[in-house]
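Observations on the three-dimensional arrangement
Each chain, letter by letter, is given below.
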Amino acid sequence: MHLLVVVSMILVAAGCGELEQQDPADGGIDGAQADGSGGTCTGCASTASCVDDACVCDPGYSGDGETCENIDECATDHGGCDANARCDDLPGSRACSCNVGYLGDGLTCRLAWQHVTTLPGIVLDEGSGAVVTALASRIYFAPEHDPAGTYFMSVDVNTGATAELPLPPLINVSQRELVPGGYTQIFVGLGSSIYMFGNAGALFDGSWREANYPSINRRGEAAGVAASGRIYMIGGRDDATNASTTSVQYYAGGTTGSWAAASPFPWTSSYAGAYSPTGTNLIYVFGGSSGDNSDRHAASLDTTSSSATWTILPDVPVDLPRFSTAGEHGGKLFACDGQRLHFFDRGANAWAGTLNLPPGGTHWHMVMLEGDAFAIGDLAGSVQIFQLLAIE
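Quick caveat: nothing in here was measured; it's all calculated off a predicted structure. (Residues numbered from 1 in each chain as written. Predicted model: local features only at pLDDT ≥ 70, side-chain atom pairs only at ≥ 80, totals over all residues. Heavy atoms only, no water.)

Let's talk about the overall build of the protein chain
Summing up its helical and strand segments, the protein chain has one helix and 38 strands in all. When burial is assessed residue by residue, the protein chain has 49% of its 392 residues classed as buried. The contacts of the protein chain with a sequence gap of at least 6 include a subset with a gap of at least 24, amounting to 40%. (Helix = DSSP H or I, 4+ residues; strand = E, 2+ residues; numbered from the N terminus. Buried < 20%, exposed > 50% of the residue type's maximum accessible area, 1.4 Å probe, protein only. Contact = heavy atoms within 4.5 Å.)

Structure representation (structure tokens):
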């Protein structure tokens with residue numbers, strides 16, 4: 001009890017007097033910098049630390065500790081950045097960022113688009129649309145131009161060899177195919193033939209032949225896709241009423257194949273894009289002008305069951321243009337808006353991520369060929385083709 005009182009008195013007395021400056025030799029600090037181990041330094045640079053009683057420049061700087069200069073990491077071995085990345089020197093460090101056209105963290109960069117071939121002297125899409133499909137190793141394409149500018153060509157993506165092909169015959173004498181405002185929209189490959197349904201029905205297997213296409217089935221601006229060994233025609237503008245429809249029809253193939261009805265689409269639609277993922281019997285439809293004026297809707301259908309109905313999916317994040325195209329890469333589906341790909345994760349049932357198409361191009365169209373995705377469009381006054389290699 002008495003001891004406690006004495007101690008308290010001593011503390012109070014010390015607190016009432018003036019605080020004396022302690023001698024640095026006794027362990028105090030007099031304009032010095034202490035390190036974490038109890039050592040002391042004086043005069044260290046702001047970009048230095050006290051280590052074992054000595055000023056040492058921080059990582060990314062060089063000098064005697066009292067003066068420290070920034071090290072330009074980019075001047076040596078490109079700063080450790082990938083050869084296809086830019087190195088930016090920063091105070092005490094550096095930043096790596098992949099060049100345009102490459103994806104990655106800057107330390108490793110992967111080419112997103114690989115140039116395949118250039119087709120000079122022609123234009124694919126002047127804003128009126130185009131039709132594109134693929135068979136074997138060739139991409140087949142035709143513009144929706146005025147008659148004077150219309151052509152039908154193919155290109156081998158392995159060799160770059162091109163072939164000028166005969167235009168479709170004028171089966172329906174009232175309207176020509178492959179022109180602005182025409183009916184042509186379905187242009188898909190099935191087996192060894194390309195099928196075209198619009199003003200008329202025809203297939204191309206080296207030459208054009210008329211395909212069974214009753215007037216009751218005739219429509220324009222429909223989405224078309226091959227699935228389960230059939231050609232599906234989804235929505236579109238009915239020939240009799242000139243109004244968009246929910247009707248879904250499928251064609252068995254050949255020149256005399258039959259037509260049958262499938263489950264109606266959830267809304268009226270025109271100009272949508274459709275795709276069937278590799279190894280599945282599913283159909284995905286993205287965009288298209290719908291009855292509520294939305295160009296973002298999406299839906300899927302399992303074609304293995306005749307009684308299956310459409311599943312409504314989350315809307316595409318952006319409005320899709322007319323003649324939009326779709327495909328897949330790395331297990332993800334994508335919808336193309338002409339300048340970017342928008343990816344859909346089927347497992348998460350959500351849209352996640354975008355990828356710019358090759359810079360400088362206009363009206364890009366996507367086409368799937370033997371499991372690979374290709375972009376074809378107008379760039380630098382020519383039709384150019386790129387293969388998609390990486391998305392992340």
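What about the state of the cysteines?
Covalently bonding the sulfur atom of one cysteine to the sulfur atom of another cysteine gives a disulfide. Inspection of the entire model under this criterion finds six disulfides. Covalent S-S linkage joins cysteine 74 and cysteine 87, the inter-sulfur distance amounting to 2.0 Å. On the sign convention where negative is left-handed, the bridge of cysteine 74 and cysteine 87, at about -80° about the S-S bond, is left-handed. Taken together, the residues cysteine 74 in the loop between β6 (68–70) and β7 (85–90) and cysteine 87 in strand β7 connect sequence positions 13 residues apart. Judged by its relative accessible area of 19%, cysteine 74 falls in the buried class. The partner cysteine of cysteine 98 in its disulfide is cysteine 109, sulfur to sulfur 2.2 Å. (Disulfide = S-S within 2.5 Å.)

A closer look at the side chain of serine 263
Tracing the sequence through the fold places serine 263 in the loop between β25 (259–261) and β26 (269–270). Those residues in contact with serine 263 that sit more than four places away from it in its chain are Val248, Ala308, Thr309 and Trp310.

Quick word on the pairing of strand β34 (residues 340–345)
By the bridge criterion, four bridges tie strand β33 (residues 332–336) to β34 in an arrangement that is antiparallel. What sits directly across from cysteine 336, in β34, is leucine 341. Once β33 ends, the chain turns through three residues before running back antiparallel as β34, passing glycine 338 with a positive phi of about 100°. With five bridges joining them, β34 and strand β35 (residues 350–356) adopt antiparallel strand pairing. Pairing of histidine 342 across the sheet is with threonine 354, part of β35. What sits between β34 and β35 in their antiparallel hairpin is a turn of four residues, with asparagine 349 showing a positive phi close to 50°. (Pairing = 2+ DSSP bridges.)

Looking at the sheet that holds β33
Two strands in a sheet stick together by hydrogen bonds in their backbones, pointing the same way (parallel) or opposite ways (antiparallel). On the basis of which strands lie adjacent, the open sheet formed by four strands has the order β32-β33-β34-β35 and antiparallel pairing. The outermost strands of the open sheet, each flanked by one partner alone, are β32 (325–329) and β35. If you compare each strand with its neighbour and ignore which way they point, the axes differ by 30° on average. (Axes fitted to C-alpha atoms, helices over the stretch in contact; angles between N-to-C directions.)

As for unusual backbone geometry
A positive phi angle, close to 65°, is found at aspartate 53, a residue other than glycine. Within the element layout of this structure, aspartate 53 appears in the loop between β3 (48–51) and β4 (54–57). Positive phi is not limited to glycine here, since alanine 380 has a value of about 55°.

Thoughts on the pattern of salt bridges
What the rule picks out here adds up to six salt bridges. Note that arginine 138 is salt-bridged to aspartate 156, the shortest N-O span being 4.0 Å. Here aspartate 156 lies in strand β14 (residues 152–156) and arginine 138 lies in strand β13 (residues 138–143), a separation of 18 residues in the sequence. Note that aspartate 205 is salt-bridged to arginine 209, the shortest N-O span being 2.6 Å. With relative accessibility at 36%, the residue aspartate 205 sits in the partly exposed group. (Salt bridge = Lys/Arg side-chain N within 4 Å of Asp/Glu carboxyl O.)

The values are spatial; any link to function lies outside them.
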